[in-house]
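Fold and geometry: a report
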Amino acid sequence: MTTPPAQSESILEVRDLVKHYPLTQGILIKKQIGAVRAVDGVSFGLRQGETLGIVGESGCGKSTVAKMLVSLEKPTAGQILYKGEDVTKLSDRALKAVRRNIQMVFQDPYTSLNPRMTVGDIIGEPYDIHPEVAPKGSRRARVQELLDVVGLNPEYINRYPHQFSGGQRQRIGIARGLALRPEIIVADEPVSALDVSVQAQVVNLLERLQDEFGLSYAFIAHDLSVVRHISDRVAVMYLGRIVELGTDVQIYDHATHPYTQALLSAVPVPDPEAREGRERILLAGDVPSPANPPSGCRFRTRCWKAQERCAQEVPLLVVPPHLEGVGGPAEHPSACFFAEDMSATEE
Ligand code: ADP
Ligand code: MG
């Protein structure tokens, strides 16, 4: 893990980000009958040089957040501030310059690389849009340098994606993400499609690149164990919202939201001693549909702590008043009226 500068400013700040997809009926005459609330009021800051892990079950809106961060999707509402400037309001020309600095690494290295293009063309493709970064004559050398940087043989430049393993393909995807020398990488489940044995190698590569190039990462995963090693802070999402946000210690050792606690209880613990006395929290039911989320707290339908109040009021992502100043550093917001540090009550 890299240590981020303590009080550094956010290079990227997201405020009340919302993405609703229209839900339509009818084939010829489409009628909007509702909306999928994929992302429904998400706020966080990404600090210079840090890795922010974003974790949550499939369908909770992680990829939608990622796509908005790199301007592949337009938010329904909310702001994305890059160095203080609202990206969602920029002209196409100004946006192009910002997009260069915020690049995405995709989840599936099998489907995200065009099988008919050589590795050199795949990695160098971003230069078609930004020729100023690598003038025509220098492209090949630049792509070979990128191959080397991600640990692949530069002589492979004329090969095709199918000639590589999954881990190697993800390295190609990462090289492409680095081509424009971005400041921020949004990595959407970059290791989820890979064998467990290869996952650590790719995570290690991302860490090395972060140090080498001073990158800031938004690192998305569906399970807490994957991001533990690489994250400085972690945001936990449920049904389109962040339910808890904290440093790695706050989240892994002092989680206060019942959903985070349930996710943690499902993470395998290799050390038998640490495993002892740990209870597996089994959540009731399935994740509700984002087209029709529960009133009040969205997690309440599966929460063992839920009470009347949870159906009536939406808990905001703030430091719970009853936990203010309790344990460690402040700034550990949790969207639960009954947030509680279980590790503190065990003794
Ligand atoms: P995650 O990456 O956490 O698995 P997504 O962001 O992909 O979640 O999806 C969040 C929700 O939004 C899901 O219910 C998904 O079906 C829905 N969704 C995503 N993209 C679209 C789209 N283009 N049109 C309609 N619904 C979508
Ligand atoms: Mg996804």
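Below you will find a few notes about this structure. Residue positions within a chain follow its written sequence, with the count starting from 1. Here every chain gets a letter starting at A, and every ligand a number starting at 1, in the order they are written. Per-residue local features are limited, in this predicted model, to residues with pLDDT of at least 70; the limit for side-chain atom pairs, both in listing and counting, is 80 or more; totals at the level of whole chains, interfaces and linings are taken over all residues. Calculated side-chain values reflect all of the structure's heavy atoms, with hydrogen atoms and water omitted.

A word on the overall build of the protein. Strands are runs of DSSP state E lasting at least 2 residues, helices are runs of H or I lasting at least 4, and numbering of each runs from the N terminus. A tally of helices and strands in the protein yields 13 helices and 10 strands. A compact globule built from 347 residues should have a C-alpha radius of gyration of about 20 Å, and the protein, at 21 Å, falls within 12% of that. With respect to the principal axes defined by its C-alpha atoms, the protein has extents near 65 × 60 × 40 Å. With a 1.4 Å probe rolled over the protein chains alone, any residue whose accessible area is under 20% of its type maximum counts as buried; one over 50% counts as exposed, and the rest are partly exposed. Relative to its 347 residues, the protein shows a buried fraction of 49%. Here the Shrake-Rupley method, with its probe set to 1.4 Å, supplies the accessible areas, and only the displayed protein chains count as covering residues. Surface summary for the protein: the accessible area is close to 17300 Å², and the carbon and sulfur share equals 51%. Taking the average location of the 37 positive side-chain charges in the protein and that of its 43 negative ones, the two points are 10 Å from each other. Just to be clear, the radius of gyration here is over C-alpha atoms, and the globule rule we use is 2.2 Å times residues to the power 0.38. By the counting scheme adopted, Arg and Lys are positive, Glu and Asp are negative, and His together with the chain ends is not counted. To locate a charge, take NZ of a lysine, CZ of an arginine, CG of an aspartate or CD of a glutamate.

Looking now at a nonpolar patch on the surface. A grouping of Ile 27, Leu 28 and Ile 29 is seen on the molecular surface, where their side chains present a nonpolar patch of about 460 Å² in accessible area. When you line up the elements, Ile 27 lands in the loop between β1 (10-25) and β2 (31-47). Under the relative-accessibility criterion, Ile 27 is labelled exposed at 78%. Residues enter a patch when their relative accessible area is above 30% and they make no salt bridge; the linking distance is 9 Å between like charges and 5 Å between nonpolar side chains (Val, Leu, Ile, Met, Phe, Trp, Tyr). Here, a salt bridge means any side-chain nitrogen of Lys or Arg that lies within 4 Å of a carboxyl oxygen of Asp or Glu.

What follows is about the site of ligand 1. In this text, near means that some heavy atom of the residue lies within 4 Å of the molecule or strand in question. The immediate surroundings of ligand 1 are formed by Tyr 21, Val 36, Ala 38, Glu 57, Ser 58, Gly 59, Cys 60, Gly 61, Lys 62, Ser 63, Thr 64 and Pro 290. At 2.6 Å from an oxygen atom of ligand 1 is found a main-chain nitrogen or oxygen belonging to Gly 59. Whenever a nitrogen or oxygen atom comes within 3.5 Å of another N or O atom, the pair is scored as a polar contact, on the condition that within protein one atom can donate a hydrogen and the other can accept it, and that pairs from neighbouring residues in sequence are kept only if both atoms are in side chains. Here Gly 61 contributes a backbone N or O atom positioned 3.1 Å from an oxygen atom of ligand 1. Coverage of ligand 1 by the protein amounts to 65% of the 570 Å² it exposes when considered alone. Every element with two or more residues in the shell around ligand 1 is listed here: β2 and α1 (62-69). Of all the elements, α1 adds the most residues to the shell around ligand 1, at three residues.

Let's shift gears to the pairing of strand β6 (residues 102-105). On a regular strand, one side chain projects to one face of the sheet and the next to the other, so that they alternate. Burial along β6 is two-sided: the face carrying Ile 102 and Met 104 and the face carrying Gln 103 and Val 105 are both buried. The pairing criterion is simple: DSSP has to find at least two bridges between the two strands. Examined bridge by bridge, β6 and strand β7 (residues 184-188) share four bridges and lie parallel to one another. Paired with Ile 102 across the bridge in β7 is Ile 184.

On to the environment of Gln 261. On the secondary structure map, Gln 261 appears in helix α10 (residues 258-265). Note: C-alpha distance between Gln 261 and Ile 251 (10 residues apart in sequence) is 8.8 Å. Residue contacts follow a heavy-atom distance rule, with two residues in contact if any of their heavy atoms lie within 4.5 Å. Not counting residues within four places of it along the chain, the set of residues in contact with Gln 261 comprises Ala 255, Thr 256, Ile 281, Trp 304, Glu 340 and Met 342. Polar side-chain contacts of Gln 261 include one of 2.9 Å to the backbone oxygen of Ala 255.

The sheet built from six strands is open, its strands ordered β6-β7-β8-β3-β9-β10 with mixed pairing. Every other strand in the sheet has two partners, leaving β6 and β10 (241-247) as the edge strands with one partner each. Mean inter-strand twist for the sheet, computed between neighbouring axes without regard to direction, equals 20°. Its contacts with the sheet put helix α6 (residues 166-178) on β6 and β7, and the angle it makes with β6 is roughly 170°. Lines fitted to the C-alpha atoms define the axes, with helices restricted to the stretch that makes contact. Angles between their N-to-C directions range from 0 to 180 degrees.

With that settled, the discussion passes to α10. Most of α10 sits out of view: eight of its eight residues are buried. Of the residues making up α10, those classed as buried are Pro 258, Tyr 259, Thr 260, Gln 261, Ala 262, Leu 263, Leu 264 and Ser 265.

Next up on the list: α6. The end-to-end C-alpha distance of α6, which contains 13 residues, comes to 18 Å, matching closely the 18 Å that a straight helix rising 1.5 Å per residue would cover. Within α6, 11 of the 13 residues are buried, leaving the element largely enclosed by the surrounding structure. Of all the residues in α6, the buried ones are Gly 166, Gly 167, Arg 169, Gln 170, Arg 171, Ile 172, Gly 173, Ile 174, Ala 175, Gly 177 and Leu 178. Of the surrounding secondary structure, the elements contacted by the buried residues of α6 are β6, α3 (119-124), α5 (139-149), β7 and α7 (196-213). Each residue after the first adds 1.5 Å to the expected span of a helix.

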